[in-house]
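A look at the structure
The lines below spell out each chain.
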Amino acid sequence: MLEAHPGLPEFDYIKPKTLAEASRFLADHAGEARPLSGGTDIFVRMRDGVWKDKYLVDIKGLDGTDEIVYDPSKGLTIGAAVAMNRVSAHPDVKKHYAALADAVDKVASYQLRNRATIVGNICNASPAGDTIGACLLLGGALDVHGVDGARTEPLASFFEGPGSTALKPGDVVTSLRLPLPPKGLVGRYYKLGRNKSSDLSIIGVTVVGFPDKRAASGYRIKLALASVAPTPLVVAQVEEILAAKPVTEQTIAEAAQAAMDACTPIDDVRASARYRKMMARNLSQKALTEIWNQLGR
Amino acid sequence: MSDLFNVNVTVNGTLYEREVEPRILLSDFLRHDLGLTGTHVGCEHGVCGACTVLFDGNPVRSCLMFAVQTNGHEVTTVEGLGDIDDLHPIQQAFWEAHALQCGFCTPGFLTTLVPFLEENPDPSEEEIRNAISGNLCRCTGYQHIVEAVQLAAEKMRA
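This one's a predicted model, so the numbers in the text were calculated from it and none came from an experiment. (Residues numbered from 1 in each chain as written. Chains lettered and ligands numbered in written order. Predicted model: local features only at pLDDT ≥ 70, side-chain atom pairs only at ≥ 80, totals over all residues.)

With that settled, the discussion passes to the overall build of chain A. Within chain A one finds eleven helices and 14 strands. For 297 residues, the compact-globule formula gives about 19 Å, and the C-alpha radius of gyration of chain A, at 20 Å, lands near that figure. A principal-axis box enclosing the C-alpha atoms of chain A has dimensions of 60 × 50 × 30 Å. Of all intrachain contacts in chain A linking residues separated by at least 6 positions in sequence, the fraction that spans at least 24 positions is 62%. (Helix = DSSP H or I, 4+ residues; strand = E, 2+ residues; numbered from the N terminus. Rg over C-alpha atoms; globule rule 2.2 N^0.38 Å. Contact = placed C-beta atoms within 7 Å.)

This is the structure:
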C-alpha cells in the first residue's frame, strides 16, 4: 500500500533524565537504539530508510552537556548539546580556535546550525564532516559516558570507517575538549562544494599553523582533508615536509602533492575520484600558501 | 503504534496541548494538527529552507525536528509575523519589492530574516546573501529578495 505521506518509520522516543539512564538504555538495546542530539542527520537517514532504529534516545541537554566553556589554563570544552551557531559565535572560539569557527560556519545553513552539534558531526563520522578536521588538528578529545563510567577518547584514534567509531553500545559523548592553542596559531577551513552553501563538501581542507622553534623551518603547519578517504584524513607528510625544510613556494607545492598522494577518494554524485584528487592538491596548495602568508612569512 | 506523548507548545503566542506520536515532524504537526499551513514543506531533507520556523526565537528547519521536542518551548510561524491588515515590515517589503512569484519559499525566507534583521539592522548585500543562503527560491533569482531585505531594513530603522 502506498501511503499518502511516507513520513518516518515508527519508533519509540526515549527521554532519559540522567546520563546513567541513557547509557543503560542504549546498552540494553544495542543495535536498535540510537542517541538523538541535533538530529539533522538522523532525520534524513530515517526518512530515506537507511536507519531503522526502534528507539531514539534524546540526549540533548543531559547533565550539563549544554555548556561551552573556555578556561585560559586548560582550553575549550564544548558540551555535546551545544548547537553549532553558539560555538562559532563564541568570542574565545573565534579568537583562539579560528579554524574551528571557520569550519562551523561552512556547515550546511544557518538554520541547520541552530540544531546541529559538533559532537554530532564527529560521532556521525562522515568522511565529509566539515568540523572534524579542525577538531583533529587542534588535538581534540571526547569525554564519553559509558556503562562502566566516564573515559576519554582522543580523536586521533576515534575514526574507524565511514560512520564507524571507537564508541561502543551505551556510550554517550558528553563533550569535546580542545587543549590550549599554541602561541600564534592561525587556521582556516576551505570547502569546495557544488554551491557556496548547504551542500556536502566535494573536498574540504583544514589548515592550522604556528611558529615552533623546535621545527627546522621554524613553523609547524598541519593539514587535514575531508571527503577523500573512508575517514577524515590528517596528512602527516605535510607537517613533516614543512617542518623539515624552509617554507617556500616549492616546499608548499611538494606538501600539496603529498596531500594529493595520501588521498583515496571515491566517485560519487558530487564528483569523480580523479577530480577530488586534483582538487585536494590545488586547494591544499592555496590553503597552505594563505596560511603561510598569515603567519607573516 | 508507538506511545503517544503530550506536547504543550506555544505557537504564535497561543498555548496548544496535543497528543502526538513521536515520529510526527514539527512541520507536519504545525500543518496537520494545528492547521497552520503557512509553513511549507519542500525537500524534507533540511536543504531548501521552506519549512523554516522560529524555535525559541531562532530559525530552524521544522522538517528536522519532532513535534515532541517542542514541549515547553515557543514556536513562531509565518502566521505569527503579521496579517493582511498589519503586515510585518519584512512582509510589506517583500510585497513592495516583488520578492516573490509563486510564494512557496516565502514563509521560510521571512522567518529566517526576522531575527537576522533584528541582529543586523543595516546589513550589507553580502551579509544579506549569506543570511538567505539556506533558503532556495526557484522563481526570483534572489535579486528582488535582496532588494526587499534592504527595503525592510530601511523601514525597520526608520
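Picking up after the structure, the text goes on.
What follows concerns the confidence of the model for chain A. Mean pLDDT for chain A: 94, with 97% of residues reaching 70 or above. Here residues 1-5 of chain A scores under 50 on pLDDT; set against residues more than four positions off or in separate chains, the count is zero contacts. (pLDDT = per-residue confidence, 0-100.)

Residues and elements named next belong to chain A. In this structure, Ala-101 sits in helix 5 (residues 98-104). We classify Ala-101 as buried; it has 23 C-beta atoms within 10 Å. Each C-alpha atom of the pair Ala-101 and Ser-88 lies 4.5 Å from the other, and the pair is 13 residues apart in sequence. Those residues within four positions of Ala-101 in sequence are excluded, and the remaining contacts are Ser-88, Val-93 and Lys-94. (Buried ≥ 20, exposed ≤ 12 C-beta atoms within 10 Å, placed from the backbone.)

Turning our eyes to something else, we now look at the nonpolar core. Grouped together as the largest cluster of nonpolar side chains are 144 residues, with contacts concentrated most on Leu100(A), Ile203(A), Leu225(A), Ala259(A) and Leu288(A). Setting aside residues up to four positions removed in sequence, Ala259(A) forms contacts with Leu223(A), Leu225(A), Val235(A), Val238(A), Ala280(A), Arg281(A) and Ser284(A). (Core = buried A, V, L, I, M, F, W, Y, C linked by C-beta atoms within 7 Å.)

With that settled, the discussion passes to the domain arrangement of chain B. Residue and element names in this part refer to chain B. Domain annotation of chain B identifies domain 1 (5-80) and domain 2 (89-157). The C-alpha centroid of domain 2 is placed 22 Å from the C-alpha centroid of domain 1. Across the boundary between the two partners, domain 1 contributes 14 residues, which contact twelve residues of domain 2. Going through the elements one at a time, strand 3 (52-55) and strand 4 (58-61) are the ones with two or more residues in the side of domain 1 that touches domain 2. Top element by residues in the side of domain 1 that touches domain 2 is strand 3. It accounts for three residues. When its residues are assigned to classes, the side of domain 1 that touches domain 2 shows seven nonpolar, seven polar and no charged. (Domains from an automatic or database assignment. Nonpolar A, V, L, I, M, F, W, Y, C, P; charged D, E, K, R; others polar.)

Residue and element names in this part refer to chain A. The geometry of helix 10 (residues 249-262) relative to helix 11 (residues 273-294) is characterised by a closest axis approach of 8 Å and an angle of 145° between their N-to-C directions. The hand of the helix 10/helix 11 crossing is right-handed. Residues Ile-252, Ala-253, Ala-255, Ala-256, Gln-257, Ala-259 and Met-260 of helix 10 touch helix 11, and the partners they reach there are Lys-277, Ala-280, Arg-281, Ser-284, Gln-285, Leu-288, Thr-289 and Trp-292. (Axes fitted to C-alpha atoms, helices over the stretch in contact; angles between N-to-C directions. Left-handed = near helix turned anticlockwise from the far one by under 90°.)

A word on the pairing of strand 2 (residues 14-20) of chain B. Residue and element names in this part refer to chain B. Summarising the sheet, strand 1 (residues 5-11) and strand 2 pair through seven bridges and their orientation is antiparallel. Residue pairing across strands places Asn-6 opposite Glu-19, the latter belonging to strand 2. In textbook terms, the turn of a hairpin is the stretch between consecutive antiparallel strands, and for strand 1 and strand 2 this stretch comprises two residues, one of which, Asn-12, has a positive phi near 50°. (Pairing = 2+ DSSP bridges.)

We now examine the domain arrangement of chain A. Residue and element names in this part refer to chain A. Partitioning chain A into domains gives domain 1 (12-58), domain 2 (68-179) and domain 3 (186-294). Put simply, the middle of domain 1 and the middle of domain 2, counted by C-alpha atoms, are 19 Å apart. The interface is formed by 13 residues belonging to domain 1 together with 17 residues belonging to domain 2. Per element, the largest residue contribution to the side of domain 1 that touches domain 2 is six residues, and it comes from helix 1 (residues 19-28). Here the side of domain 1 that touches domain 2 is built from residues that sort into six nonpolar, five polar and two charged.

The next thing to look at is the packing of helix 2 (residues 89-96) of chain B against helix 3 (residues 106-119) of chain B. Residue and element names in this part refer to chain B. Interaxial distance between helix 2 and helix 3 falls to 9 Å at its minimum, and their mutual angle equals 130°. One finds that helix 2 runs oblique with respect to helix 3. The way helix 2 lies across helix 3 gives a crossing that is right-handed. Seen from helix 2, the contacting residues are Ile-90, Gln-91 and Phe-94; seen from helix 3, they are Thr-106, Leu-110, Leu-113, Val-114 and Leu-117. Looking at the contact of helix 2 with helix 3, its residues break down into six nonpolar, two polar and no charged. (Parallel < 35°, antiparallel > 145°, perpendicular 65-115°, else oblique.)

Moving on to the sheet that holds strand 10 (residues 172-179) of chain A. All names here are of chain A. Read from one edge to the other, the open sheet built from five strands follows the order 4-5-10-6-7, with strand pairing classed as antiparallel. This sheet does not close on itself; its edge strands, each paired only once, are strand 4 (68-71) and strand 7 (149-154). With strand direction ignored, the average angle separating the axes of adjacent strands in the sheet is 20°. Sheet topology note: the strand 4/strand 5 (residues 75-79) ladder contains four bridges and is antiparallel. Looking across to strand 5, one finds that Ile-68 is bridged to Ile-78. Contacting strand 6 (141-146) and strand 10, helix 1 crosses the sheet at an angle of about 120° to strand 10.

Residue and element names in this part refer to chain B. Those residues of helix 1 (residues 26-33) that fall on the buried side of the exposure criterion are Leu-26, Ser-27, Asp-28, Phe-29 and Leu-30. Residues of helix 1 that are buried sit in contact with strand 2. In the segment just after helix 1, Gly-35 is the residue with positive phi, at about 70°.

A separate point is the interface of chain B and chain A. Taken together, the contact between chain B and chain A spans 24 residues of the former and 20 residues of the latter. Looking at which element gives the most residues to the side of chain B that touches chain A, the answer is strand 4 of chain B, with four residues. Partitioned by chemical class, the residues of the side of chain B that touches chain A number eleven nonpolar, nine polar and four charged.

A separate point is the sheet that holds strand 3 (residues 55-58) of chain A. All names here are of chain A. Spatial ordering of the open sheet is given by 1-3-2, a layout of three strands whose pairing is parallel. Unpaired on one side and paired on the other, strand 1 (12-14) and strand 2 (33-36) mark the two borders of the sheet. Here the strands of the sheet are splayed against their neighbours by 25° on average, with no regard to which way each runs.

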